[in-house]
Amino acid sequence: MLPLKKPLALYIHWPFCLSKCPYCDFNSHVRESIDIDLWKKALLADLQSFAAHTENFKVSSIFFGGGTPSLMPPPLVESLLKAIAAQYTLSSHVEITLEANPTSVEIDNFQALSSAGINRLSLGVQSLNAKDLKFLGRTHSLEDALRAIHISDQFFKRRSFDLIYTLPGQSIDMWQTELEKALGLAGDHLSLYQLTIEQGTPFYLAHHRGDFQMASEDISDTFFEWTHGFMKDRGYPAYEVSNFAKPGQECQHNKHYWFYDDYIGIGPGAHSRLTIDGKKHALRRHRSPEEWLKIVEDRGNGMHKDVIIEGHTLVEEYLMMRMRLVEGFSLEAFLEKTGQNLFDCIPEQRFRALETEGLLTINNTITPTFSGLKKLNALLGFLLKEKI
Ligand SMILES: C[S@@+](CC[C@H](N)C(=O)[O-])C[C@H]1O[C@@H](n2cnc3c(N)ncnc32)[C@H](O)[C@@H]1O
Ligand code: SF4
């Protein structure tokens, strides 16, 4: 009997945006013109370059992320999906998500993107009030956002939108009003991110100059806690730190990352975790769009780095991914993915200490509590504080 094919998630990075938002440190760039034919050839070549190592996989999800992939011409999206279908077996319920910004150029593409095969849309709404959209430097208006939500509902069975909260000056009352409105417009999934200030962004400078003040840690914790409680009461429990869904409607692609299953990424800066000959490889594509394009033209793939993940790094990566999930992980799952026993890698006392602090629970499963999720970085820092 042929061995069962393992599920694989496939990520495609489109690194271009119409303008750069002041809070964003994603690999996204503004360019006056883009040679679509060249990009098509290069993305197809980067995809093909994985063929030798992925024949035992079937694709369970595809994600077009960015940047702003809703700016990709729909025929390009279609060509990539056709190439993926030719190269891989697709699972029968393959989830195909595309991130979109709610500007009019992109809204006009929704129908064609749906015909090309996209079956899940993730809309970057960011805020449902005009003042905060302006503060966030978004180019879309509230009306654009509402129109995009309305139109996406006609073309995509599954849809989600992103909002950013804990904004300077925002109160829980203001956030509740916004979230009530959001739930009235939502599909089965919402991503709610607390604003973070990333180094190297215009917000970083503005914040240091004192142009605005961020919420204190206590206020930020209150927002987090309140949001998780509110969403649970409304039938959208969190399944991850920032992701909320009606049961069964979680984003399969992101869950795949958090389960630490294999995935490949093509396009500038894209990451992969791929098991080759029994070893987990961390592959990274060149980050700069122009450099990536040139390297693919020269060599047929955009590879920048290939590092084998083993020992402590494997344990570290596994925990960093799995602890984001509300459901936690079992000791068996840890053994299966890392080949090691958890308490041989990290002293059990550390987990017990965190349990006493109320940050996680330990049965046969290690599960972060609500407070644990909120303090995830500190919790991981404590668990992983020194090499084993
Ligand atoms: C790849 S990005 C953006 C996708 C799309 N281009 C857009 O802007 O709508 C995914 C999401 O990360 C969130 N995000 C990016 N930077 C953030 C920050 N500094 N703080 C909080 N959320 C952030 C935004 O909600 C954004 O929609
Ligand atoms: S938030 Fe989205 S639209 Fe804004 S710069 Fe980042 S990727 Fe581009």
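Because the structure is predicted, anything quoted here is derived from the model rather than measured.

Draft legend 1. Spotlight on the packing of helix 7 (residues 172–185) against helix 9 (residues 217–233). Relative to each other, helix 7 and helix 9 sit at 30°, their axes nearing to 11 Å. Here helix 7 lies roughly parallel to helix 9, going by the angle between them. As helix 7 packs across helix 9, the resulting crossing turns out to be right-handed. Here Ile172, Trp175, Gln176, Leu179, Glu180 and Leu183 of helix 7 lie close against helix 9, whose contacting residues are Thr222, Phe223, Trp226, Thr227, Phe230 and Met231.

Draft legend 2. Just helix 12 (residues 311–322), in detail. For helix 12, with 12 residues, the first-to-last C-alpha span of 17 Å sits near the 16 Å given by 1.5 Å per residue. Buried within helix 12 are the following residues: His312, Leu314, Val315, Glu317, Tyr318, Leu319 and Arg322.

Draft legend 3. Just the site of ligand 1, in detail. Around ligand 1 sit 17 residues in total, of which Gly67, Asn101, Gln126, Arg138 and Asp162 are the nearest. Within the contact set of ligand 1, an oxygen atom lies 2.9 Å away from a side-chain nitrogen or oxygen of Asn101. Note that a nitrogen atom of ligand 1 is positioned 2.9 Å from one of the backbone N or O atoms of Thr196. Taking 560 Å² as the accessible area of ligand 1 by itself, protein coverage stands at 91%. Per-class residue counts for the shell around ligand 1 are five nonpolar, eight polar and four charged.

Draft legend 4. Molecular detail of the pattern of salt bridges. If you walk through the whole model with that rule in mind, you get 19 salt bridges. The shortest N-O distance in the salt bridge between Asp153 and Arg159 comes to 3.1 Å. Residue class for Asp153 comes out partly exposed when judged on its relative accessible area of 47%. Exposure remark for Arg159: the relative accessible area of 10% places this residue in the buried category. The closest approach of N and O atoms between Lys337 and Asp261, which form a salt bridge, is 2.7 Å. Remark: Asp261 occurs in the loop between helix 10 (252–258) and strand 9 (263–266) and Lys337 occurs in helix 13 (residues 331–338); sequence separation between them is 76 residues. Accessibility expressed as a relative area gives 22% for Asp261, which makes it partly exposed.

Draft legend 5. Focus on the domain arrangement of the protein chain. The domain boundaries assigned to the protein chain delineate domain 1 (6–256) and domain 2 (325–388). Domain 1 and domain 2 are separated by 29 Å when their C-alpha centres are compared. In this assembly, nine residues from domain 1 lie in contact with eight residues from domain 2. Together, the buried faces of domain 1 and domain 2 total about 800 Å²; carbon and sulfur atoms form 69% of this surface. Where domain 1 touches domain 2, the interface holds two salt bridges. Between Glu225 and Lys374 there is a salt bridge whose closest N-O contact spans 2.9 Å. The interface formed by domain 1 and domain 2 includes three residue pairs in polar contact (both at pLDDT 80 or more).

Conventions adopted
- Residues numbered from 1 in each chain as written.
- Chains lettered and ligands numbered in written order.
- Predicted model: local features only at pLDDT ≥ 70, side-chain atom pairs only at ≥ 80, totals over all residues.
- Heavy atoms only, no water.
- Axes fitted to C-alpha atoms, helices over the stretch in contact; angles between N-to-C directions.
- Helix = DSSP H or I, 4+ residues; strand = E, 2+ residues; numbered from the N terminus.
- Parallel < 35°, antiparallel > 145°, perpendicular 65-115°, else oblique.
- Left-handed = near helix turned anticlockwise from the far one by under 90°.
- Contact = heavy atoms within 4.5 Å.
- Expected span 1.5 Å × (residues − 1).
- Buried < 20%, exposed > 50% of the residue type's maximum accessible area, 1.4 Å probe, protein only.
- Near = heavy atom within 4 Å.
- Polar contact = N/O pair within 3.5 Å; in protein donor to acceptor, adjacent residues only side chain to side chain.
- Areas by Shrake-Rupley, 256 points an atom, 1.4 Å probe, with all protein chains shown as cover.
- Nonpolar A, V, L, I, M, F, W, Y, C, P; charged D, E, K, R; others polar.
- Salt bridge = Lys/Arg side-chain N within 4 Å of Asp/Glu carboxyl O.
- Domains from an automatic or database assignment.
- Buried area = accessible area lost by both parts, 1.4 Å probe.

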